[in-house]
Amino acid sequence: FTNLPAGGSREISVGSLKVAADLESSLKPAPEDVSSVGITKEIFLKTDNTLITSGQVVELLFPGNTIGRNFEPDVTIFTYYSGAKYYPGYVFKFKSDAEYDVATAGLKKSIEKDVTWTVASGAPGAPGGSWKDGNVSGAQWVRYITYSSTGVSFNYGRVGNYIVLSHSLEGFKEAVSLLPR
């Protein structure tokens, strides 16, 4: 869904993904990306030689939740790099017949009820308070929570027909800037 420059993508193939930690640990950066700062790469993640779908990602991140039925099958998976650390993120596009308000209410409930996320580059530490409303240029709304580890937060929001989830505010901002308008 994004408008990344040449070299802004990478294909990763894995055997199987059973839980969110499997998904996020599979996004480990390539050696050439380790020293990059502020670079976002789109990941084409395959399991058994087939691109992973939005429904599969939603099931991994929110087991048993039905919000995935509101999204197109394609999903954009990205990583935002900051030196040796990397922060995964996801972009889902609403189906044309999706009920945005119902879908976003279900998403908010799922995310804010229990964030069982791991941050692929290390434990995020303890939550640094409660969920807050944020403001990112280009997004209709943004919600976030910070963690005790420096630079780690969880952000999600709506940008037109898209929902963006990210473990980094800077990664979230960059993903929003790369979405078509």
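Because the structure is predicted, anything quoted here is derived from the model rather than measured. Throughout, residues of each chain are indexed from 1 in the direction in which the sequence is written. With the structure being a predicted model, the display of local features is reserved for residues of pLDDT at least 70 and the display and counting of side-chain atom pairs for 80 or more, all residues being used for whole-chain, interface and lining totals. Only hydrogens and water are removed before side-chain values are computed, so all heavy atoms of the structure are retained for them.

> Please explain the overall build of the chain as it appears in this structure.
Secondary structure elements are defined from DSSP: runs of H or I of at least 4 residues count as helices, runs of E of at least 2 residues count as strands, and each element is numbered from the N terminus. Per the secondary structure count, the chain includes four helices and nine strands. Ordered by position from N to C terminus, the α and β elements of the chain give β-α-β-β-α-β-β-α-β-β-β-β-α. Between buried and exposed lies partly exposed: a residue is buried under 20% and exposed over 50% of the maximum accessible area for its type, with that area taken using a 1.4 Å probe on protein chains only. Per-residue burial for the chain yields a buried fraction of 46% across its 181 residues. Total accessible area on the chain stands at roughly 8600 Å², and carbon and sulfur atoms take up 51% of it. Using the Shrake-Rupley algorithm and a 1.4 Å probe, accessible areas are obtained, with residue cover drawn only from the displayed protein chains.

> For this particular structure, what's the right way to read the pattern of salt bridges?
Where side chains of opposite charge bring their charged atoms close, a pairing between them can arise. What counts as a salt bridge is simple: a side-chain nitrogen of Lys or Arg found within 4 Å of a carboxyl oxygen of Asp or Glu. By the definition in use, this model includes three salt bridges. Ionic pairing is found between glutamate 112 and arginine 143, a salt bridge with its closest N-O pair at 2.8 Å. With glutamate 112 in helix H3 (residues 100-113) and arginine 143 in strand S7 (residues 141-146), this residue pair connects regions lying 31 residues apart in the sequence. For arginine 143, a relative accessible area of 13% puts it in the buried group. In this structure, lysine 173 and glutamate 170 form a salt bridge, with 3.5 Å as the shortest nitrogen-oxygen distance. Here lysine 173 and its partner glutamate 170 are both found in helix H4 (residues 169-178), three residues apart, which amounts to about one turn of the helix. Look at lysine 173 and you get partly exposed, because its relative accessible area is 35%. Here the salt bridges do not stand alone but share partners, grouping Glu112, Asp133 and Arg143 into one network.

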